[in-house]
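# Survey of secondary and tertiary structure
Chain residues, written in single-letter form:
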Amino acid sequence: MADSHDFDREVDDSMRLFERSHIGSAVPLTPVRASRILVVLDGSGQDDATVATAQAFRDEFNTESLFLDAREQSSEPDYAKKAAAKVSGSRGIDRPDGEAFEAILAALDCHRMDLVIVPCPFGRAFETVGEDSVGTVMDVLLARCRVPILVTRRADQVFLTARQRVSVLIGSECDVENRAAAWAFGLAGPGAEVSLNLVVENEHFENIRAILDAMRPDEPLSQAKLTEVLIQTHQTLHGAMSKTAESLSMRYHLLPQAGAIAPPNPLNDPEIQLLVMPIEVDDRFTQGFVHDRLRRSPHPVLIVPGHVPAS
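Keep in mind it's a predicted model, so treat the numbers as computed, not measured.

## Notes on the overall build of the chain
- Check the secondary structure of the chain and you find 13 helices and 10 strands.
- When burial is assessed residue by residue, the chain has 53% of its 311 residues classed as buried.
- Contacts in the chain between residues far apart in sequence, at least 24 positions, make up 83% of those at least 6 positions apart.
- Accessible surface, the chain as shown: approximately 14400 Å² in total, 47% of it carbon and sulfur.

What follows is the structure in structure tokens.
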């Protein structure tokens, strides 16, 4: 099996061919921003970063924020109201009954929100739990939440800094990838660097190769070939993102990458960034891809669901 450096060399020819493709007729995306957000508190040290994120949204996008203390038991009944008082245009709301994920989903049902900010793992510090789990709250939200989820992971990875470098991660074709890219540009800071990271995971490659080997044993599949297919199927998205970045005076890059070196890769790429990923509730690969990347990420992550209500 070729290592990640061999993989990088193998896709060079595909990249050169693709980057010569005509994108002049591509239509720019319309950036998406939130006007009303639900800010979820869990009583942990993450709450400071969550409040700071809500303040950044207020300063940058003039958003209205509703604060929810989603803990099942709290000795501070006014905790959400006190946190909301720190951010203008905000207010605390009463906690609906049920477990934390039930309270969050019920609050979203009661209030028309564009985005929900959630600490992960809920109620525990990332530094303590690390990569072992994203927690039950996030597991349920990934399956049921109908609005984009901005996941905060570590107190030192603040949104205001992370939005200067935004990476859109795509592991396969997805119906909502254009919407995810539109959110990425909507949240990116002035002059930000935005990338489309087409990620070939080893497990995905091996599964596809096993299927094709059984069907067409005389046509071997390489990682480079799979990457070339992935690049070609995303030509329209690439063109749209390139045009959007040009219109917004942002920098843009197309980055086909082996899963081992794609974000999040804190050891080789420790720079703070915002990861953006689409997710489809009925696509097991997409769900697994998002869950794995979220689990390993110290960076904030925006997850844009495909199971959104019709507008």
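Let's pick the thread back up.
## Overview of the confidence of the model for the chain
- When pLDDT is averaged along the chain, the result is 82, and 75% of the positions lie at 70 or above.
- Across residues 13-18, confidence stays below pLDDT 50; counting only partners more than four residues off in sequence or on other chains, it has 12 contacts.

## Let's talk about the packing of aromatic side chains
- With the rule as written, the count across this model stands at two aromatic pairs.
- Here the aromatic rings of Phe57 and Phe61 are separated by 5.4 Å at their centres, their planes lie at 65°, and the arrangement is edge-to-face. Here Phe61 and Phe57 lie together in helix α3 (residues 46-61), a separation of four residues that amounts to about one turn.
- Residue Phe57 is classed as buried on the basis of its relative accessible area of 0%.
- Taking the relative accessible area as the measure of exposure, Phe61 reaches 16% and is therefore buried.
- Plain terms: the ring middles of Phe57 and Phe159 are 4.9 Å apart, the flat faces sit at 20° to each other, and that makes the pair stacked.

## As for empty space enclosed by the protein
- According to the stated counting rule, one finds two cavities of 30 Å³ or more in the structure shown.
- One number sums up the size of the largest cavity: a volume of about 60 Å³.
- Taken together, Leu169, Ile170, Gly171, Ser172, Cys174, Pro278, Phe285, Thr286 and Phe289 make up the full set of residues lining the largest cavity.
- Elements with a minimum of two residues in the lining of the largest cavity: β6 (165-170) and α13 (284-296).
- Looking at which element gives the most residues to the lining of the largest cavity, the answer is α13, with three residues.
- When the residues that make up the lining of the largest cavity are grouped by side-chain class, the tally is six nonpolar, three polar and no charged.
- Considering only enclosed or pocket space, the second largest cavity measures out at about 40 Å³ in volume.

## Overview of the pattern of salt bridges
- Taken as a whole and assessed by the stated rule, the structure comprises eight salt bridges.
- The residue Arg163 makes a salt bridge to Glu60 at a minimum N-O spacing of 3.2 Å. Taken together, the residues span a long stretch of sequence, with Arg163 in the loop between α8 (159-162) and β6 and Glu60 in helix α3 at a distance of 103 residues.
- On the basis of relative accessible area, Arg163 is assigned to the buried category, the value being 4%.
- Note on Glu60: relative accessible area 39%, which makes it partly exposed.
- One salt bridge connects Asp69 with Arg71, and the closest N-O pair in it is separated by 3.0 Å. For the pair Asp69 and Arg71, a shared accessibility class is recorded, and that class is buried.
- Shared partners join several salt bridges into a network, and the residues in it are Asp69, Arg71 and Glu76.

## Here we look at the nonpolar core
- Grouped together as the largest cluster of nonpolar side chains are 47 residues, with contacts concentrated most on Phe57, Phe67, Leu196, Met241, Leu274, Val276 and Leu302.
- Of the residues forming this core, the biggest block, six residues, is contributed by helix α9 (residues 177-187).
- Apart from the residues lying within four places of it in its own chain, the contact partners of Leu274 are Leu150, Phe159, Ala162, Arg165, Val166, Ser167, Leu187, Pro300, Val301 and Leu302.
- Ala70, Val134, Val147 and Val290 belong to the second-largest nonpolar core, a separate cluster that totals 38 residues.

## Details of unusual backbone geometry
- Omega for the peptide link from Cys120 to Pro121 comes to 0°, which places this bond in the cis form.
- Of note, Pro121 is situated in the loop between β4 (115-119) and α6 (126-129).
- A positive phi angle is found at Asn62, which is not glycine, with a value near 55°.
- Assignment of secondary structure puts Asn62 in the loop between α3 and β2 (64-69).
- Even without being a glycine, Ser249 presents a positive backbone phi close to 60°.
- Note that Ser249 resides in the loop between α12 (235-247) and β8 (251-258).
- Under the relative-accessibility criterion, Ser249 is labelled exposed at 61%.

The rules behind these values
- All residue numbers refer to position in the chain's written sequence, counted from 1.
- Thresholds applied to this predicted model are a pLDDT of at least 70 for local features of residues and 80 or more for the giving and counting of side-chain atom pairs; totals over whole chains, interfaces and linings are not thresholded and use all residues.
- The basis for every side-chain value is the complete set of non-hydrogen atoms in the structure, without hydrogens or water.
- Only DSSP runs of H or I with at least four residues qualify as helices, and only runs of E with at least two residues qualify as strands; both kinds are numbered from the N terminus onward.
- Burial here depends on accessible area, computed with a 1.4 Å probe over protein chains only, as a share of the maximum for the residue type. Under 20% is buried, over 50% is exposed, and the range in between is partly exposed.
- Contact criterion: two residues are considered in contact whenever any of their non-hydrogen atoms come within 4.5 Å of each other.
- Computed by Shrake-Rupley with a 1.4 Å probe, the accessible areas treat only the displayed protein chains as cover when residues are assessed.
- Along the chain, pLDDT gives the predictor's confidence residue by residue, from 0 to 100.
- Ring pairs are drawn from Phe, Tyr and Trp, using the six-membered ring of Trp, whenever the two centres fall within 6.5 Å, and their geometry is named by plane angle: stacked under 30 degrees, edge-to-face over 60, tilted for the rest.
- A 1.4 Å probe that fits into a set of points on a 1 Å grid over the protein atoms alone but cannot get out defines a cavity; an open set with protein on both sides within 12 Å along at least five of seven lines defines a pocket, and lining residues are those with an atom within 4 Å of a point.
- Grid points are joined across faces, edges and corners, and a volume is the space filled by probe spheres set on the points.
- Amino acid classes used here: Ala, Val, Leu, Ile, Met, Phe, Trp, Tyr, Cys and Pro are nonpolar; Asp, Glu, Lys and Arg are charged; the rest, including Gly, are polar.
- Salt bridge, as used here: a side-chain nitrogen of Lys or Arg that lies within 4 Å of a carboxyl oxygen of Asp or Glu.
- Within this scheme, the nonpolar core is defined by two criteria: the residues are buried Ala, Val, Leu, Ile, Met, Phe, Trp, Tyr or Cys, and they are joined through side-chain atoms within 4.5 Å.

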